[in-house]
Amino acid sequence: MAKPAASLNNIVVCRRCDAVLSKPKIEPGQKATCPGCSALLYELKKNPMERTMAVSLAGLLLFFPAILLPMIGVSAAGTHNEASLIDCIIILLNTDYHIVAFIVFLFTIAIPIVHLLAAFYIAVAVHFNKISQSLLVFFRSYHVLDSWTMLHVFFLGVVVSIYKIVDLAELTVGGGLMSFVLLLICSTLVSVTLDHHYVWEKMEQALED
Amino acid sequence: MKTSAKAMGLGCCPCCHKVVKMQAETQQCPRCHRSFSVRKINSLSHTFAWTIAALVMLVPANLYPMMIYYTLGQPEASTILEGIATFIQFGMYPVAIVIFIASFVVPLAKIIGLFILMYHAKRASKLTVKQQGQLYHIVEFLGPWSMLDVFVVAIMAAVVNLGFLSSIEAAKGITYFGLMVVFTMLAAESFDARLLWDAQDQKPQTDDSQSQLNQAGSR
Ligand SMILES: [Zn+2]
Ligand SMILES: [Zn+2]
């Protein structure tokens, strides 16, 4: 009655509708979707580890200018003020909005950094075949954080703020904003390049020995 | 009719998606060592609790001002809706629309959507399961976007600080608003979408109106 474990490797279960399907054969660059609810089952990507390494490293390096350099500055009647991402959080802390400061810090700095770090570490470890138990912890945290990065929303926030300030005072766009846009691109690309299916298969093979 | 993994005694790891034979109610994934059960435990109660918390936050988030705007020393506080009204007055329609959608329509739609999903997870409904799945997908996707206004206030407060000319400060409402967004995201996360399909499977095929509706949909 109990099926041998090998047959379980030939089926996939849809995460959204729980349908049991036989595993489709797909080539790198293709996606498999559930026929019932059209959710993504899994996909195979081209050169996943090399690409993820490059993109996540670039993202990590871009973090420093993106956080520290001023994003936008305003000047009117001889006074000038400019603010970086970190300034936004400091201002909130100074005006006693600790919860909001924490939320902004979490979604725009802490989670994206850990997310990129995890992706970089995983890509390096899998590429050089240095798979250890600790990698599991990293990849699990990568999964958890995947839906909690809000860099894109913050960027729209900057755009709306620029639109609001334009009428009020003279506006300058700082190097922080440029770096932030590049960081946003890198962080988005990481979820495009990292192949979960590939990483899990590699890890399973390596840890079984 | 499709077979569900649950009916076959199989479970799918939520983290690494490995298919395993369930030996117990809750067990550890052999691949990623995460313990999981066939369905998220008490999924509906968790979703319900977070949604109610978000709904409670929605009230002060809209009643209290999000920011205080000082022009020449004169303080002027505005709630989300008042802020939108000001933008319309000044003819800044694109911003008004973006803010209105992100900070009013989306949070409200998310909460209503969650209630609809919770209702349908209990009983088979007129909506096809596919539509419900899409609804869940939308609720999940919209999650972060309502943080927009919180970020805008943070940026404005940091940038616009020109001494006595004008300055912007964050105000009470922003805390409730931020919490509300976090709560709706937690609600969407704790909802187990597979319950929708379970509810449909449990319903016997004797429901005529249901089958007619499905036929009409597929024609
Ligand atoms: Zn499906
Ligand atoms: Zn697993």
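Definitions and limits used
Residues numbered from 1 in each chain as written. Chains lettered and ligands numbered in written order. Predicted model: local features only at pLDDT ≥ 70, side-chain atom pairs only at ≥ 80, totals over all residues. Heavy atoms only, no water. pLDDT = per-residue confidence, 0-100. Contact = heavy atoms within 4.5 Å. Helix = DSSP H or I, 4+ residues; strand = E, 2+ residues; numbered from the N terminus. Buried < 20%, exposed > 50% of the residue type's maximum accessible area, 1.4 Å probe, protein only. Arc of directions from axis to C-beta. Buried area = accessible area lost by both parts, 1.4 Å probe. Salt bridge = Lys/Arg side-chain N within 4 Å of Asp/Glu carboxyl O. Polar contact = N/O pair within 3.5 Å; in protein donor to acceptor, adjacent residues only side chain to side chain. Nonpolar A, V, L, I, M, F, W, Y, C, P; charged D, E, K, R; others polar.

Caption draft 1: Local environment of the confidence of the model for chain B. All names here are of chain B. When pLDDT is averaged along chain B, the result is 83, and 89% of the positions lie at 70 or above. pLDDT under 50 marks residues 205–219. Its contacts with residues more than four places away, or in other chains, come to five contacts. Scored as a whole, the predicted complex attains pTM 0.86, and scored at its interfaces, ipTM 0.87.

Caption draft 2: Expanded view of the environment of B:Ser190. Residues and elements named next belong to chain B. Inspection of the secondary structure assignment puts Ser190 in helix α6 (residues 173–190). With relative accessibility at 13%, the residue Ser190 sits in the buried group. Separated by 22 residues in sequence, Ser190 and Ile168 have C-alpha atoms that sit 37 Å apart. When near neighbours in sequence (up to four residues on either side) are disregarded, Ser190 contacts Lys40, Ser43, His46, Thr47 and Trp50.

Caption draft 3: Seen up close, helix α2 (residues 80–89) of chain B. Residues and elements named next belong to chain B. Considered for burial, the residues of α2 that qualify are Ile80, Gly83, Ile84 and Phe87. In an axial view of α2, the angular spread of the buried residues amounts to 100°, which keeps them on one side of the axis. Of the residues one or two after α2, Gly91 is the one with positive phi, at around 75°.

Caption draft 4: Layout of the interface of chain B and chain A. Contacts between chain B and chain A engage 64 residues on the former and 58 residues on the latter. With both sides pooled, the region where chain B packs onto chain A buries about 5700 Å², and carbon together with sulfur makes up 74% of that total. In this structure, B:Arg31 and A:Glu204 form a salt bridge, with 3.4 Å as the shortest nitrogen-oxygen distance. Applying the counting rule to chain B against chain A returns 14 residue pairs in polar contact (both at pLDDT 80 or more). It is helix α5 (residues 148–159) of chain B that contributes the most residues to the side of chain B that touches chain A, 10 residues altogether. Considered class by class, the residues forming the side of chain B that touches chain A number 42 nonpolar, 11 polar and 11 charged.

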